[in-house]
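So you can see what is in the structure, the chains are spelled out below.
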Amino acid sequence: MSHGPRSGLTAVSSALLAMSRHLEVRDVLKTIVASARELLDAQYAALGVPDDHGGFAQFVVDGVSDEQWKAIGPLPRQHGILAAMLHEATPERLADVRKDPRFGGWPSAHPDLVDFLGLPIRDGDEVLGALFLANKLRPAGGDPPHPPCPKPAGGCGFTADDEELLGILAQHAAIALTNARLYERSRELTIAEERSRLAHELHDAVSQKLFSLRLTAQAATALVDRDPARAKDELHQVATLAAEAADELRAAVVELRPAALEEDGLVATLRTQIQVLDRAHAACVTFTGHGVKALPAAQEEAMLRVAQEALHNALRHSGAERVTVTLHRRGTATVLRIADNGGGFDPRTVRRAGRHLGLVSMRDRANGTGGRLTVRSAPGEGTTIEMEVPGG
């Protein structure tokens, strides 16, 4: 295996660790491409994830500016050498990709590619994508961009050792990409479960309002003849209850849309969901968030899920009259705090009884994002749950 400045064991280890740090599919794809280009001293790198319609669901490049990428135009189709890597699942190492009989040309703004190294990314028999590099650079001397690597007449700048190294990277890329897909699927399921829970809570709230409205209307009907003044008061109450029910239905329409965490951020998403819970439950539920900057997506996702689990416990099991949620800075960390004045519990008893009240999943979420979870509770003294993560 070659021993250039980026191809040592440390560089390989750094590339693999970088891939394992990300959970979003798009972030994993970008890391794979950037790591491959740097590790093998290529001018360009790209990774395409195929769709079922002859194109690519995602196509990530490195070494091309945003302006160049826009000028190139639409995503490529599955044809030529890309199709061969996807359908035949074989590596390709070419001295000049333009002279290959399968070459079908490229748009006018596309950079010139000469020597070419490509591999499929496979998970068992499934081809997850095609990873390729172009234009081997000479790693020694000068500031980047480095000049093209000298190569033998008719030979490829990428060597057999480069192909072996890219194969190792592709194997680990398959693991990272599979894990990211599983994470996104589990998140979709979690969001669906949360929407179902929220729908149930809103349904209960609206049903209670409509039941009260019906009883009040019946009372007004009975009073119309013998006590018109009281009947008028009851009809005013009917109008109030009808307006409240309409508000709850509007909230249901808004809140059952897909989760807005990516678009609105953690503070706005928490505030909106807690406003709905405050309307849907007898307990007073409040939220305060200030001085908190945007966090990495994985941390915001974890904090939102911990808040939802803790709120569910407080509102369904604790008998609390008041639940407060705060999000604030503490030194260099961000702290989420959910406190209630409910019945409380003995955390040790809960563990011995095999009932976790979601505490295990909450701790896992906190630990998985470099944070920690603290639970303080005792019978008759309410419960406080804090999640602290670095940053923000």
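Look a little higher up for the structure.
Residues numbered from 1 in each chain as written. Predicted model: local features only at pLDDT ≥ 70, side-chain atom pairs only at ≥ 80, totals over all residues. Heavy atoms only, no water.

### Considering the nonpolar core
Side chains of nonpolar character tend, in soluble globular proteins, to be buried together. Ranked by size, the top nonpolar core spans 34 residues in total, and within it Leu270, Leu336 and Met387 carry the most contacts. Apart from residues lying up to four places away in sequence, Met387 is in contact with Ala302, Met303, Val306, Thr334, Val335, Leu336, Arg365, Ala366, Thr369, Arg372 and Leu373. Counting 30 residues, the second largest nonpolar core, distinct from the first, contains Ala45, Leu128, Leu131 and Cys156. (Core = buried A, V, L, I, M, F, W, Y, C linked by side-chain atoms within 4.5 Å. Buried < 20%, exposed > 50% of the residue type's maximum accessible area, 1.4 Å probe, protein only. Contact = heavy atoms within 4.5 Å.)

### Overview of the pattern of salt bridges
According to the stated counting rule, one finds twelve salt bridges in the structure shown. Glu92 is paired through a salt bridge with Arg102; the nearest N and O atoms lie 2.9 Å apart. Of this pair, Glu92 sits in strand β3 (residues 92–94) while Arg102 sits in the loop between β3 and β4 (116–123), placing them ten residues apart in sequence. A salt bridge links Glu386 to Arg337; its shortest N-O distance comes to 3.6 Å. Here Glu386 is found in strand β10 (residues 383–390), whereas its partner Arg337 is found in strand β8 (residues 333–340), with 49 residues between them in sequence. Since its relative accessible area comes to 28%, Arg337 is described here as partly exposed. A single salt-bridge network, built from bridges that share partners, covers Arg330, Arg337, Arg372, Arg376, Glu386 and Glu388. (Salt bridge = Lys/Arg side-chain N within 4 Å of Asp/Glu carboxyl O. Helix = DSSP H or I, 4+ residues; strand = E, 2+ residues; numbered from the N terminus.)

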